[in-house]
Amino acid sequence: MTLMIIQLLIVLLALYVGSRYGSLALGAISGIGLAILVLGFGMQPGKPPTDVIYIIIAAVTCAGIMQASGGMDWLIQIAERLLRKHPNHITILAPLCTFFLTVLVGTGHVVYTLMPIICDIALKKGIRPERPCGVASIASQVGITCSPIAAAVASFVVISNANGFDINNLQVIAITIPACVCGIMAAAAVSYKRGLDLDKDPAFQARLKDPQMKEYMYGSTASVLDKEVPKEAKRAVFIFLGALAVIVLFSVFQIIGHDIRPQFPTGKVIDGVAQMKPLAMNIIIQIVMISAAAFMILCCKANPKKAVAGAVWQSGMVAVVAIYGIAWLADTYFANYMDVMQGGLKDIVQHYPWAIAFAFFAVSVLINSQGAVVVAMLPLAYSLGIEGPVLLGVLPSVYGYFFIPNYPSDIATVNFDRSGTTVIGKYLLNHSFMRPGMVSVIVSTIVGTILVKIFY
């Protein structure tokens, strides 16, 4: 038991140090922990999540090529028109926009262009920018468990299928989207009158008396509406949407019992009949996404070099390294102590299987990747005997890295808010993202649990 605790501390230390450095360090420093466990303690290494990594690479390549074609600019323009048309409701509309952008593209890093626009609209309308900005940043990350091409969803499907829970991407987001929308709306509701109005905020009014600060806050307008979007960019968006539609189509036919996936022999023969197995959905997603990227290059003048330099592709590759290192480290530790954990946690999960949500959330506080949390923790959850529908219901709980405000989207939001109302906080945890984050995750997890009880 002492050795088990020491090795767990090594795992946690690697995750903590990696989270402090951020970016690629999270995966790379996990490699140090893995080396200590395997080479130092002689533990048998686990398996890196190659299937999940391949899906991420294909999806991120496709989204990155769309961004390089200018398609992302068109999507941001559509969102900005909606927000500027209804500025009084920006606290509700802004998180919906950032949420559905993430659902569409599969990564929350697409919101960096939209966030300054949200801040600008709120400030010019006299609405405290902290209100829409805080919940919009949260919503941009919540959308990850609702995107059919996101790493978290792909990981859940692959691991669940391997553990006997036959489910596809469409069935996952059919639960997570309504659950997370309810959570986001609850977070928007508690943010609607959050903090002092700008005309009653002494700190804001003091900054306003400084002519230079006033010019900084009100002197410019953040907008992408004046940016010309070529027809090739719009075409790239339609190709991307078409790729998503194809993936959804395969899932729909699978659900209704008319599976259209190609069948291949398994190598087994029963009663003289060769057994066939349909092509796995993770392979179909990879084929469709990488083909869509190719069509964008050929038909939309998308520059691959520009895609590699773009935020979407770079953030996706960082996620690949993080998941690679973190999941391999976690799988190594858990696999070697599975019997001990099953014995110690068996009674808890038998009576309160939903309690695994607390473990998901706690691990996510340390790991800035929902996909990595799923890959690291879901096999453990299945090994403890927790049923697939229960795990689907609590899937929104894998988002907890807002708790310590060191994630890029949160830090960027603080910097984008020229009014200074969106803050980290003197005591670190009293930041602008805590309240909307906690409300969103709690409500989404509860609603998700209720939905799976109804439909499963």
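Scroll up to find the structure this text is about.
A few points on the structure. Keep in mind that this is a model prediction, so the values were computed, not measured. (Residues numbered from 1 in each chain as written. Predicted model: local features only at pLDDT ≥ 70, side-chain atom pairs only at ≥ 80, totals over all residues. Heavy atoms only, no water.)

Next up on the list: the packing of helix 3 (residues 50–69) against helix 13 (residues 281–299). One way to put it is that helix 3 packs onto helix 13 with a least axis distance of 8 Å and a crossing angle of 25°. As judged from the angle between their axes, helix 3 and helix 13 are roughly parallel. Considering the relative orientation of helix 3 and helix 13, their crossing is left-handed. Listed contacts from helix 13 to Asp51, Tyr54, Ile55, Ala58, Ala59, Thr61, Cys62, Ile65 and Met66 of helix 3 are Asn282, Ile285, Gln286, Met289, Ile290, Ala292, Ala293, Met296 and Ile297. By residue class, the composition of the contact of helix 3 with helix 13 is 14 nonpolar, three polar and one charged. (Axes fitted to C-alpha atoms, helices over the stretch in contact; angles between N-to-C directions. Helix = DSSP H or I, 4+ residues; strand = E, 2+ residues; numbered from the N terminus. Parallel < 35°, antiparallel > 145°, perpendicular 65-115°, else oblique. Left-handed = near helix turned anticlockwise from the far one by under 90°. Contact = heavy atoms within 4.5 Å. Nonpolar A, V, L, I, M, F, W, Y, C, P; charged D, E, K, R; others polar.)

Turning next to the side chain of serine 147. Mapped onto the elements, serine 147 comes out in the loop between helix 7 (130–142) and helix 8 (151–162). A polar contact is formed between the side chain of serine 147 and the backbone oxygen of valine 103, at a distance of 2.8 Å. Not counting chain neighbours up to four residues away, the residues in contact with serine 147 comprise Thr102, Val103, Gly106, Val153 and Ile173. (Polar contact = N/O pair within 3.5 Å; in protein donor to acceptor, adjacent residues only side chain to side chain.)

Moving on to empty space enclosed by the protein. Under the defined criterion, the tally for this structure stands at one cavity of 30 Å³ or more. In this model, the largest cavity occupies a volume close to 40 Å³. Forming the boundary of the largest cavity are Val142, Thr145, Cys180, Pro396, Tyr399, Ser440, Val441 and Ser444. If one sorts the elements of the lining of the largest cavity by residue count, helix 21 (residues 434–455) sits on top with three residues. A breakdown of the residues in the lining of the largest cavity according to their chemical character gives five nonpolar, three polar and no charged. (1 Å grid on protein atoms, 1.4 Å probe; cavity = no way out; pocket = protein on both sides within 12 Å on 5 of 7 lines; lining within 4 Å. Points joined across faces, edges and corners; volume = space filled by probe spheres on them.)

The next point concerns unusual backbone geometry. Even without a glycine there, the phi angle at lysine 301 is positive, about 55°. Among the structural elements, lysine 301 can be located in the loop between helix 13 and helix 14 (304–309).

Turning next to the pattern of salt bridges. This model, assessed by the stated rule, comprises eleven salt bridges. Across the salt bridge formed by aspartate 120 and arginine 418, the nearest N and O atoms sit 3.1 Å from each other. Of the two residues, aspartate 120 is situated in helix 6 (residues 114–124) and arginine 418 in the loop between helix 20 (408–416) and helix 21; the sequence distance between them amounts to 298 residues. Neither residue differs from the other here; aspartate 120 and arginine 418 are each classed as buried. Among the salt bridges present, the one from aspartate 201 reaches arginine 128, with a minimum N-O distance of 2.6 Å. Of this pair, aspartate 201 sits in the loop between helix 9 (169–191) and helix 10 (202–208) while arginine 128 sits in the loop between helix 6 and helix 7, placing them 73 residues apart in sequence. As far as the burial class goes, aspartate 201 and arginine 128 line up, both buried. Bridged by salt links that share partners, the residues Glu80, Arg84, Asp120, Lys124 and Arg418 form one connected network. (Salt bridge = Lys/Arg side-chain N within 4 Å of Asp/Glu carboxyl O. Buried < 20%, exposed > 50% of the residue type's maximum accessible area, 1.4 Å probe, protein only.)

Here we take up the side chain of serine 69. Structurally, the position occupied by serine 69 is in helix 3. Looking at serine 69, the relative accessible area reads 8%, which means it is buried. There is a polar contact of 2.6 Å between the side chain of serine 69 and the backbone oxygen of methionine 66. If sequence neighbours within four positions are ignored, serine 69 has contacts with Ala233, Ala236, Cys300 and Ala302.

Quick look at the environment of phenylalanine 403 now. Here phenylalanine 403 lies in the loop between helix 19 (388–393) and helix 20. When near neighbours in sequence (up to four residues on either side) are disregarded, phenylalanine 403 contacts Phe361, Val365, Leu429, His431, Met434 and Met438.

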